[in-house]
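Listed below are the residues making up each chain.
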Amino acid sequence: MITLKKIKPFSNDIVLVDGLWGTGKSIIAPIVGAMDGLEKQKIEAMFEHLCILSYLKKIDDDAVDALLNIYADKSQYYNLIGREVNLRWNDDTGPKNNPNSFRYFKRLFRKDGDSIVDEINQKNLALHLMTHMVLPVSEPLIKGFGGRLKIIEIVRHPVYMVQHWYSYLSNFDHHREFSISFEYNGQKVPWFASSWKDKYVGMTVMDRALSSIIFMYSMLLESLDSLNLDNQKIFVTSFESFVMNTKDELVKLESFLGRSHDKNIKKILKQQKIPREQLLQGKGHAGYGWTETKAESEKDAYNNELKLIQTKASDAVLSEFNNLIQNYNKRWPSILSKYHES
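Attention here is on the structure that accompanies the text.

Conventions and cut-offs
- Residues numbered from 1 in each chain as written.
- Predicted model: local features only at pLDDT ≥ 70, side-chain atom pairs only at ≥ 80, totals over all residues.
- Heavy atoms only, no water.
- Core = buried A, V, L, I, M, F, W, Y, C linked by side-chain atoms within 4.5 Å.
- Buried < 20%, exposed > 50% of the residue type's maximum accessible area, 1.4 Å probe, protein only.
- Helix = DSSP H or I, 4+ residues; strand = E, 2+ residues; numbered from the N terminus.
- Contact = heavy atoms within 4.5 Å.
- Pairing = 2+ DSSP bridges.
- Axes fitted to C-alpha atoms, helices over the stretch in contact; angles between N-to-C directions.
- Left-handed = near helix turned anticlockwise from the far one by under 90°.
- Expected span 1.5 Å × (residues − 1).
- Arc of directions from axis to C-beta.
- Parallel < 35°, antiparallel > 145°, perpendicular 65-115°, else oblique.
- Nonpolar A, V, L, I, M, F, W, Y, C, P; charged D, E, K, R; others polar.

### Considerations on the nonpolar core
Counting residues in hydrophobic clusters, the biggest one holds 94 residues, and the most contacted among them are Val32, Ile152, Trp165, Phe192, Tyr217, Leu257 and Phe321. The element that contributes the greatest number of residues to this core is helix 9 (residues 205-227), accounting for eleven residues. In this structure, phenylalanine 192 is in contact with Trp21, Met133, Trp165, Ser212, Phe215 and Met216, ignoring residues within four places of it in sequence. Counting nine residues, the second largest nonpolar core, distinct from the first, contains Leu80, Ile81, Ile116 and Ile120.

### A closer look at the pairing of strand 1 (residues 14-19)
Buried residues dominate strand 1, accounting for six of its six residues. On strand 1, burial covers both faces: Ile14, Leu16 and Asp18 on one face and Val15, Val17 and Gly19 on the other are all buried. Relative to strand 2 (residues 127-132), strand 1 runs parallel, the two sharing six bridges. Following the sheet pairing, isoleucine 14 is matched in strand 2 by leucine 127. Bridging between strand 1 and strand 3 (residues 149-155) involves six bridges; their strand directions are parallel. For glycine 19, the partnering residue across the bridge sits in strand 3 and is isoleucine 154.

### Thoughts on the packing of helix 9 against helix 14 (residues 315-331)
The N-to-C vectors of helix 9 and helix 14 enclose an angle of 35°; their axes lie 10 Å apart at closest approach. Our pair here, helix 9 against helix 14, has a crossing hand that is left-handed. In this structure, helix 9 uses Asp207, Leu210, Ser211, Ile213, Ile214, Tyr217, Leu221, Leu224 and Asp225 to contact helix 14, whose residues at the interface are Val317, Glu320, Phe321, Leu324, Asn327, Tyr328 and Arg331.

### Here we look at the pairing of strand 5 (residues 187-190)
As defined by bridge partners, strand 4 (residues 181-184) adjoins strand 5 across four bridges and the pair is classed as antiparallel. Looking at the pairing, phenylalanine 182 lines up with valine 189 of strand 5. Counted between consecutive antiparallel strands, the loop separating strand 4 from strand 5 contains two residues, among which asparagine 185 sits at a positive phi close to 50°.

### Examining helix 14
Two residues of an α-helix separated by three or four positions point the same way, owing to the 3.6 residues in each turn. With 17 residues, helix 14 should cover 24 Å at 1.5 Å per step; its first-to-last C-alpha distance of 25 Å lies within 8% of that length. For helix 14, every residue scored as buried is listed here: Val317, Leu318, Phe321, Leu324, Ile325, Tyr328 and Asn329. Across the axial projection of helix 14, the buried residues extend over an arc of 135°, all falling on one side. In this structure, helix 14 carries Asp315, Ala316 and Lys330 as exposed residues pointing more than 90 degrees from its buried face.

### Digging into the sheet that holds strand 1
Strands sit in the order 2-1-3-6 across an open sheet of four strands; the sheet is parallel. The sheet terminates laterally at strand 2 and strand 6 (234-238), the two strands that pair on one side only. Adjacent strand axes in the sheet meet at a mean angle of 20° when their direction is disregarded.

### Overview of the packing of helix 13 (residues 298-312) against helix 14
Relative to each other, helix 13 and helix 14 sit at 150°, their axes nearing to 11 Å. Comparing their axes, helix 14 and helix 13 come out roughly antiparallel. Note on packing geometry: the crossing formed by helix 13 with helix 14 is right-handed. Where helix 13 abuts helix 14, its residues Tyr302, Leu306, Ile309 and Gln310 lie against Leu318, Phe321 and Ile325. Partitioning the contact of helix 13 with helix 14 into residue classes produces six nonpolar, one polar and no charged.

Printed below as a string of structure tokens:
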């Protein structure tokens with residue numbers, strides 16, 4: 001039996017901006033991409049899919065390791081020669097939402113060759129990926145990339161994630177939904193519900209959304225605790241801290257990556273509408289239920305989100321969700337903590 005392996009892997013850093021669905025990755029990733037030696041973010045689901053397949057024991061370890069390294073190196077090489085540049089204006093990974101976009105246009109005319117690989121390695125030009133829910137299943141990445149890997153994990157208050165999850169799972173059967181899933185009792189079930197599929201298929205959409213958030217946060221916290229928050233590999237920031245205490249978080253981020261920010265960082269922060277005086281004053285995905293709120297107080301906005309959840313959730317699931325809120329508030333306290341206690 002042969003063992004698959006990527007021969008002569010690159011040596012550059014691989015930086016992941018990761019988080020559960022609806023944590024605000026698309027707001028923070030362009031800021032990370034504005035640091036010295038980092039590419040703008042790319043969304044390449046293959047990295048997520050390989051980790052999920054490994055978690056589900058649907059693929060051999062050596063195959064996962066080889067493919068992760070092949071795709072990482074190929075993706076960065078393609079970055080530097082302008083292949084597969086996303087020119088869609090409004091995309092999260094498009095020119096409108098990322099700094100220094102003109103350099104990516106210029107690369108369309110670069111010559112390829114081994115000199116590009118030398119540039120990547122010698123200058124440590126970091127591959128920058130925006131991933132979804134990878135940290136809970138990140139063992140293949142940690143093993144495969146070793147010291148090259150840096151994970152920026154974004155967490156967010158569970159109450160402000162629910163609309164996104166509710167909208168997403170409401171449309172989970174659509175043709176353009178590409179998450180890894182399986183069929184059970186005639187229903188499409190997401191990969192993360194494999195161990196509780198019987199409960200999932202019998203739930204309302206709101207209970208599915210809440211139970212999914214509860215389950216994924218449980219997996220995430222278990223992963224963080226088992227990794228002991230390795231300061232060299234993982235940097236955890238809450239959405240609340242990043243958008244309200246931006247300056248402090250940027251200092252921590254620079255220290256974690258060992259890279260400084262672009263001279264145009266103020267312009268980039270303004271584009272992302274941070275720092276904020278109120279959490280919901282800014283950018284978001286309207287397609288997942290987000291609306292910008294300025295008239296309400298922070299407390300009113302929070303209570304309105306909570307009331308919507310309470311009217312649609314079952315008592316049993318709501319009780320579990322309240323436990324998650326309390327746990328989150330202890331771990332990542334913010335202005336929202338006192339609203340739930342009052």
